[in-house]
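For reference, the chains in residue letters:
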Amino acid sequence: MLTILARNVTEALHIGLGHLKSYGEWYETRTGKVLEYPGPVMTQYRYPRERVLFSGIRDANPFFHLFEAFWMLGGQEDVDYVRFFNKRMMDYSDDGWRLNGAYGYRWRRYFHTDQLDQVVSHLIDNPASRRAVVSMWDPEDLARAEADYSDVPCNTHIYFKRKHDKLNMTVLCRSNDVIWGVYGANAVHFSILQEYIASQIGIEIGDYYHVSDSYHAYEEPFNKVSAILGPQNGGQLWYDSYLGLSPDGMHYTPAPIFEDRNQADTDIEKFLGYTRTFMESKIRFPPPPPEYANKFFIKTAHKMFSAWYSGQILREYKDALSTAKEIEALDWRKASIEWLERRKAKWESKKL
């Protein structure tokens, strides 16, 4: 098994693409031609909080990634919420209103129990346990796959373990798209889950391990994104993007999302409820945001939503970029501004 040891997701993407380019094998699949690594691949993140991508070539959508993470922690399954930020999500709904494989729903409701609450309680009572497992795969999913469902879980299980009083996490994935999955959405969603569980236990986060049984990329996006390989910006590798974000010029360390662990679920519910009010019609004069106990929601998540809404719904990119500059978390601020600038350029080119 190949092990990729990386500081953060951006470094992991760079290293992973290199391995895939050097050793991958091309296959025809039911969904197109893929380049697949010959065996399973494990990615180990030493700093899971450094979860934000900054590559213009990759063009990851930071708004969608963050808001979907909260949608997951809220135990949701409806497609309307996520398609509000990414219209392509509708392609994965078999009935037009829900996502069959929605991870958050499976974490908190699908198996008629809240697996996240159970893991937290178990690891508080049993710090040395090796039994803290969250399942996303249902044996019925194989029958759904045979029935050609659009959405069955790619990530199947999560293991949590306390080590030196930090929370390590291992995610198992049966089929992992390197570009859109493991080093895109997965890195954000699961690292935030890890941070949430650690906060509920009252410990720090440790390492994040992601095991991909099928580690692959589709032909067109691979050919596009593999252009990031090699030096950029005067010789500095782009994957060292957290270096220099800090005012002292060193690596920027993101602040915790859930400083008040007792109000984490309440703040998630408030954020989801507030943002849902914008889905029915275009709101030009939004209501005031809720009062949050965790400042990340008002200082970063709420600012990001306001910037996204101004840009992508109202097409007022000047206001959107102005709001994005007020985002407190420096990594989310940088990614949001750069993503909106790319959308602004595309929008203005259409008007010419």
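The structure displayed is predicted, hence computed values, not measured ones.

1. Some details on the packing of aromatic side chains
With the rule as written, the count across this model stands at 32 aromatic pairs. Arranged with centres 5.5 Å apart and planes meeting at 45 degrees, the rings of Phe67 and Phe271 form a pair that is tilted. With a gap of 204 residues between them, Phe67 in helix 2 (residues 62–73) and Phe271 in helix 9 (residues 264–276) connect regions that are remote in the sequence. Here Phe67 matches Phe271 in class, with each residue buried.

2. Remarks on the layout of surface pockets
Volume-wise, the second largest pocket comes out at about 290 Å³. Lining the second largest pocket are 15 residues; nearest its centre among them are Arg46, Tyr47, Pro48, Arg49 and Ile205. Counting only elements with at least two residues in the lining of the second largest pocket, the list comes to strand 7 (166–173) and strand 9 (204–212). When its residues are assigned to classes, the lining of the second largest pocket shows 4 nonpolar, 4 polar and 7 charged.

3. Describing the pairing of strand 1 (residues 2–6)
Here strand 1 shows a buried face lined by Leu2, Ile4 and Ala6 and an unburied face lined by Thr3 and Leu5. Relative to strand 4 (residues 41–45), strand 1 is paired through 5 bridges, and the arrangement is parallel. The partner of Ala6 across the bridge, within strand 4, is Tyr45.

4. Looking at empty space enclosed by the protein
Taken as a whole, this structure holds 3 cavities of 30 Å³ or more when the rule is applied. The space that makes up the largest cavity amounts to roughly 70 Å³. What lines the largest cavity is simply Arg51, Val52, Leu53, Ala60, Asn61, Pro62, His65, Tyr183, Gly184, Val188, Trp332 and Ala335. Among the elements that make up the lining of the largest cavity, the one with the highest residue count is helix 7 (residues 178–201) (3 residues). Partitioned by chemical class, the residues of the lining of the largest cavity number 8 nonpolar, 3 polar and 1 charged. The computed volume of the second largest cavity comes to approximately 50 Å³. Lining the second largest cavity are Leu53, Phe54, Ser55, Asp59, Ala60, Pro62, Ala335, Glu338, Trp339 and Arg342. The element best represented in the lining of the second largest cavity is helix 12 (residues 330–351), accounting for 4 residues.

5. Some words on helix 7
The axis of helix 7 is deflected most strongly, by about 55 degrees, at Asn186. Counting buried positions along helix 7 yields 23 of 24 residues, so the element is predominantly enclosed. Sitting at the amino-terminal end of helix 7 is Asp177, which places a side-chain oxygen 2.9 Å from the backbone nitrogen of Ile179. Following helix 7 by one or two positions, Gly202 adopts a phi angle in the positive range, close to 95 degrees.

6. Notes on the sheet that holds strand 1
In space, the 6 strands of this open sheet follow the order 1-4-9-7-6-5, with mixed pairing throughout. A strand with exactly one partner marks an edge of an open sheet, and here the two such strands are strand 1 and strand 5 (132–135). Here the average twist between neighbouring strands, direction ignored, is 15 degrees. Where helix 7 meets the sheet, its contacts fall on strand 1, strand 4, strand 6 (155–163), strand 7 and strand 9, and the angle it forms with strand 9 comes to roughly 145 degrees.

Reading the values: rules and limits
Residues numbered from 1 in each chain as written. Predicted model: local features only at pLDDT ≥ 70, side-chain atom pairs only at ≥ 80, totals over all residues. Heavy atoms only, no water. Phe/Tyr/Trp six-rings, centres within 6.5 Å; stacked < 30°, edge-to-face > 60°. Helix = DSSP H or I, 4+ residues; strand = E, 2+ residues; numbered from the N terminus. Buried < 20%, exposed > 50% of the residue type's maximum accessible area, 1.4 Å probe, protein only. 1 Å grid on protein atoms, 1.4 Å probe; cavity = no way out; pocket = protein on both sides within 12 Å on 5 of 7 lines; lining within 4 Å. Points joined across faces, edges and corners; volume = space filled by probe spheres on them. Nonpolar A, V, L, I, M, F, W, Y, C, P; charged D, E, K, R; others polar. Pairing = 2+ DSSP bridges. Bend = angle between axes of the 7 residues up to and from the residue. Polar contact = N/O pair within 3.5 Å; in protein donor to acceptor, adjacent residues only side chain to side chain. Axes fitted to C-alpha atoms, helices over the stretch in contact; angles between N-to-C directions. Contact = heavy atoms within 4.5 Å.

Note that every value here comes from positions in space, so none of it alone points to a role or purpose.
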